[in-house]
Amino acid sequence: MLMNAHSKISVLILFVLSLFGCASSTKGKVLRNTLLAGAAGAAYGSTRSDYKATHAAMYGASTAALAALVSIYAYDPDKSNEELRKETAELKYKLDQLEKPSLIDRGNSLFKSQIPSSLAKLVQPGEWKHYKLDQWIQDPSNPNVWLRQVEMYEIIPPSHGNQ
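Residues numbered from 1 in each chain as written. Predicted model: local features only at pLDDT ≥ 70, side-chain atom pairs only at ≥ 80, totals over all residues. Heavy atoms only, no water.

Draft legend 1. Local environment of the overall build of the protein. What the protein contains, in helices and strands, is four helices and three strands. Scanning the protein from its N terminus toward the C terminus, one meets helices and strands in the order α-α-α-α-β-β-β. In the protein, the proportion of contacts linking residues at least 24 apart, taken out of those at least 6 apart, comes to 46%. Per element, the accessible surface of the protein, about 12,900 Å² overall, is 62% carbon and sulfur. (Helix = DSSP H or I, 4+ residues; strand = E, 2+ residues; numbered from the N terminus. Contact = heavy atoms within 4.5 Å. Areas by Shrake-Rupley, 256 points an atom, 1.4 Å probe, with all protein chains shown as cover.)

Quick look at the structure:
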């Protein structure tokens, strides 16, 4: 079968576009598929015996539109974006847990000492909390010195509501 000029150009365009077949972005993949399908449709339409240009335009446009629709659903960027968002949230949570101090012990009197029973009615002790942490801080007076904090005590003063 002899090919006319339109068919040869369409085949040449189809060949050149297939060389760029390794598109990595979603837009690139959709564009590549649209152009390839449009060129293939135009090549097929130009083989018709009557109204070659009209058939080439009609088949090319129809196949390009169909390929674009299929490609948009096949290469859905929302799905991969949602997976990346979930992974980022999980990693952020894990990082926050590493930086967050963990409570080791707590009490409502002096560090594990009991208040004598004769003073218990007169003294209302505050609370204390003992945390384990692992963080480095820079010495404010010397930027070349870093301190590692491994534990922290939080002293909560007694409430003054019962006086």
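Draft legend 2. Summary view of the packing of helix α2 (residues 26-45) against helix α3 (residues 52-74). At a minimum axis distance of 6 Å, the contact between α2 and α3 shows a crossing angle of 155°. The orientation of α2 relative to α3 falls into the category roughly antiparallel. Between α2 and α3 the crossing geometry is right-handed. Between α2, through Val 30, Asn 33, Thr 34, Ala 37, Gly 38, Gly 41, Ala 42, Tyr 44 and Gly 45, and α3, the contact on the second element is made entirely by Lys 52, His 55, Ala 56, Tyr 59, Gly 60, Thr 63, Ala 64, Ala 67, Ala 68, Ser 71 and Ile 72. (Axes fitted to C-alpha atoms, helices over the stretch in contact; angles between N-to-C directions. Parallel < 35°, antiparallel > 145°, perpendicular 65-115°, else oblique. Left-handed = near helix turned anticlockwise from the far one by under 90°.)

Draft legend 3. Local environment of the packing of aromatic side chains. One pass over the full model with this rule turns up one aromatic pair. For the pair Tyr 44 and Tyr 59, a centre-to-centre distance of 5.2 Å together with 90° between the ring planes defines the contact as edge-to-face. With Tyr 44 in helix α2 and Tyr 59 in helix α3, this residue pair connects regions lying 15 residues apart in the sequence. Here Tyr 59 falls in the partly exposed class, since its relative accessible area comes to 24%. (Phe/Tyr/Trp six-rings, centres within 6.5 Å; stacked < 30°, edge-to-face > 60°. Buried < 20%, exposed > 50% of the residue type's maximum accessible area, 1.4 Å probe, protein only.)

Draft legend 4. Highlighting helix α4 (residues 77-99). Over its 23 residues, α4 runs 33 Å from end to end, which matches the ideal 33 Å to within 8%, given 1.5 Å per residue. Burial analysis of α4 places just zero of its 23 residues in the buried class, a small minority of the element. (Expected span 1.5 Å × (residues − 1).)

Draft legend 5. Representation of the pattern of salt bridges in the model. Throughout the structure, instances matching the rule amount to two salt bridges. Glu 82 is paired through a salt bridge with Arg 85; the nearest N and O atoms lie 2.8 Å apart. Residue Glu 82 and its partner Arg 85 are both found in helix α4; the two are separated by three residues, about one turn of the helix. Put simply, Asp 134 and Arg 148 hold a salt bridge, and the shortest N to O gap is 2.8 Å. (Salt bridge = Lys/Arg side-chain N within 4 Å of Asp/Glu carboxyl O.)

Draft legend 6. The arrangement of the side chain of Ser 71 in detail. Checked against the element boundaries, Ser 71 lands in helix α3. Looking at Ser 71, the relative accessible area reads 4%, which means it is buried. Setting aside its immediate chain neighbours within four residues, Ser 71 contacts Val 30 and Asn 33.

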